[in-house]
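# Inside the fold
Spelled out, the chains give:
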Amino acid sequence: MVPSAAGSVHKAEMSFGVDPTVTGSIASPGAAPNGDVVILPKKALVADTPDEERINRAEKRGRIAAVAPIAPPKDFTAGSVLERQSSLMQPVPDRNGMMTFKQPEIGGEEIRIATAFHPRERKYPDPQVPVMLAELVNNELPDSLATAYAPLKPDFSRRSPFASLLKDSDEAKPARFIPPVPENDHRWARSALPPIVFSDAEQRCLAEGIYFEARGENVKGQAAVAQVILNRVRNPAFPNTICGVVYQNETWRNRCQFSFACDGKRDRINSPSHWRIAQDVAMAVTAGKIWLEGVGSSTHYHAVYVRPRWARSMQRRARIGLHVFYRTYRGGWS
């Protein structure tokens with residue numbers, strides 16, 4: 001007799017003394033008649049049907065094992081740390097003393113520095129310009145006089161972490177935006193804008209020129225018109241202020257520089273959304289955040305449905321939307 005396993009169902013077999021080949025069976029649900037033991041034969045009896053054939057596998061399914069990788073700890077976002085599957089080992093103190101940690105002097109920029117060296121490169125929109133203009137931004141260092149576009153914090157992704165921690169004396173100097181024109185271009189094209197162009201009054205004049213001349217164009221077409229106006233401010237042949245350029249000869253009926261200024265119609269801003277876009281484009285181009293190489297040092301443009309005579313004496317640069325842009329050969333009109 002052996003103890004009965006809990007919850008099991010045993011079939012006890014008992015041998016009788018008359019004929020050892022004759023056996024009797026007593027079914028016991030987990031216990032023999034005495035309650036806590038079962039009776040086993042001296043010799044194990046082998047069933048006529050093997051176990052493999054008596055097992056019903058029709059309803060069995062394959063074993064399902066779900067393996068989920070261990071998520072990386074919070075704030076680890078660089079290098080192989082992103083792909084690690086287990087936690088880091090705890091530091092073991094040596095015999096000479098316990099390990100100590102010092103607060104870094106980089107202002108909590110550890111993760112940003114580590115991410116800068118990660119092979120995956122992601123370009124995020126510039127937080128200092130509207131999302132609509134983000135794809136046109138090609139200059140990360142705006143004009144220092146653009147108060148609406150304050151100087152950026154040290155960019156660890158483009159500078160060495162060690163150089164970012166050092167105080168560079170050059171950073172204290174105003175960084176003016178100089179258009180990246182070729183060496184054989186006009187000399188005036190490589191000059192900075194006068195500081196007055198960043199005033200509210202001048203920015204309003206530029207936004208008005210964009211709004212009334214190109215509000216139906218996409219933002220690139222509007223930026224091209226703004227670049228032409230600012231190129232004229234740089235050019236000594238035109239007034240040295242934005243308002244002076246936009247409203248030059250406004251008293252000449254239909255003979256001024258920009259048709260909206262002398263067409264005899266009262267100019268009203270009826271679309272607040274287009275006006276906000278014009279203001280954003282005006283400041284972005286003035287600050288040098290956007291510079292269209294195709295337009296370059298162009299100082300003239302016209303709509304595609306007109307053929308002005310002056311266009312024959314100028315170099316055609318690009319067509320953007322419904323406007324064709326021209327560069328003068330000798331700095332002035334021709």
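The name recorded for the protein chain in an unreviewed UniProt entry is Cell wall hydrolase, from Oricola cellulosilytica.

From N to C terminus, the protein chain includes seven helices and seven strands. In the protein chain, the succession of α and β elements from N to C terminus is β-β-β-β-α-α-α-α-α-α-α-β-β-β. When the 334 residues of the protein chain are sorted by exposure, 35% land in the buried category. The contacts in the protein chain between residues at least 6 apart in sequence include a share of 59% that link residues at least 24 apart. Total accessible area on the protein chain is roughly 23,000 Å²; 54% of this is exposed by carbon and sulfur atoms.

The next thing to look at is unusual backbone geometry. If you check the backbone angles, N249 has positive phi at about 60° while not being a glycine. Assignment of secondary structure puts N249 in the loop between α6 (242-246) and α7 (272-286).

Under the defined criterion, the tally for this structure stands at two disulfides. The disulfide partner of C205 is C243, and the gap between their sulfur atoms is 2.0 Å. Because the torsion about its S-S bond is 90°, the bridge between C205 and C243 counts as right-handed. Note that C205 is positioned in helix α4 (residues 200-214) and C243 in helix α6, a separation of 38 residues in sequence. Going through the protein chain in sequence order and numbering each bonded cysteine, the pairs you get are 1-2, 3-4.

All told, the structure shown has eight aromatic pairs when counted by the stated rule. Seen from their ring centres, F258 and Y301 are 6.3 Å apart, and the 45° between their planes marks the pair as tilted. You can see F258 sitting in the loop between α6 and α7 and its partner Y301 sitting in strand β5 (residues 300-303), a full 43 residues away along the chain. The same class applies to F258 as to Y301, namely buried.

For the rest of this paragraph, the subject is the pattern of salt bridges. On inspection of all chains with the given rule, the structure shows three salt bridges. R327 is the partner of D185 in a salt bridge, and the nearest nitrogen-oxygen pair spans 3.2 Å. In this pair, D185 sits in the loop between α3 (161-165) and α4 while R327 sits in strand β7 (residues 323-327), placing the two residues 142 residues apart along the sequence. Classification of D185 by relative accessible area gives buried; the value is 10%. For R327, a relative accessible area of 11% corresponds to the buried category. A salt bridge links E208 to R204; the shortest N-O distance between them is 3.2 Å. Of this pair, E208 and R204 both sit in helix α4, four residues apart, which is roughly one turn of that helix.

Below, the discussion takes up the pairing of strand β6 (residues 315-320). Examined bridge by bridge, β6 and β7 share five bridges and lie antiparallel to one another. Across the sheet, Q315 pairs through a bridge with R327, a residue of β7.

Moving on, we get to the nonpolar core. Ranked by internal contacts, the top residues of the largest apolar core, which has 43 residues, are L206, I229, I242 and I290. With nine residues, the top contributor of residues to this core is helix α5 (residues 219-234). Residues V181, W188, A189 and W291 belong to the second largest nonpolar core, which totals five residues.

Here the focus is α7. Residues three or four positions apart in an α-helix share a direction because the helix packs 3.6 residues into each turn. For α7, which comprises 15 residues, the first-to-last C-alpha distance of 21 Å matches the rise-based estimate of 21 Å (1.5 Å per residue) to within 8%. All of the buried residues along α7 are W275, A278, V281, A282, M283, A284, V285 and T286. On its buried side, α7 packs onto α4 and α5. G288 occupies a position one or two residues after α7 and carries a positive phi of about 85°.

Reading the values: rules and limits
- Residues numbered from 1 in each chain as written.
- Predicted model: local features only at pLDDT ≥ 70, side-chain atom pairs only at ≥ 80, totals over all residues.
- Heavy atoms only, no water.
- Helix = DSSP H or I, 4+ residues; strand = E, 2+ residues; numbered from the N terminus.
- Buried < 20%, exposed > 50% of the residue type's maximum accessible area, 1.4 Å probe, protein only.
- Contact = heavy atoms within 4.5 Å.
- Areas by Shrake-Rupley, 256 points an atom, 1.4 Å probe, with all protein chains shown as cover.
- Disulfide = S-S within 2.5 Å.
- Phe/Tyr/Trp six-rings, centres within 6.5 Å; stacked < 30°, edge-to-face > 60°.
- Salt bridge = Lys/Arg side-chain N within 4 Å of Asp/Glu carboxyl O.
- Pairing = 2+ DSSP bridges.
- Core = buried A, V, L, I, M, F, W, Y, C linked by side-chain atoms within 4.5 Å.
- Expected span 1.5 Å × (residues − 1).

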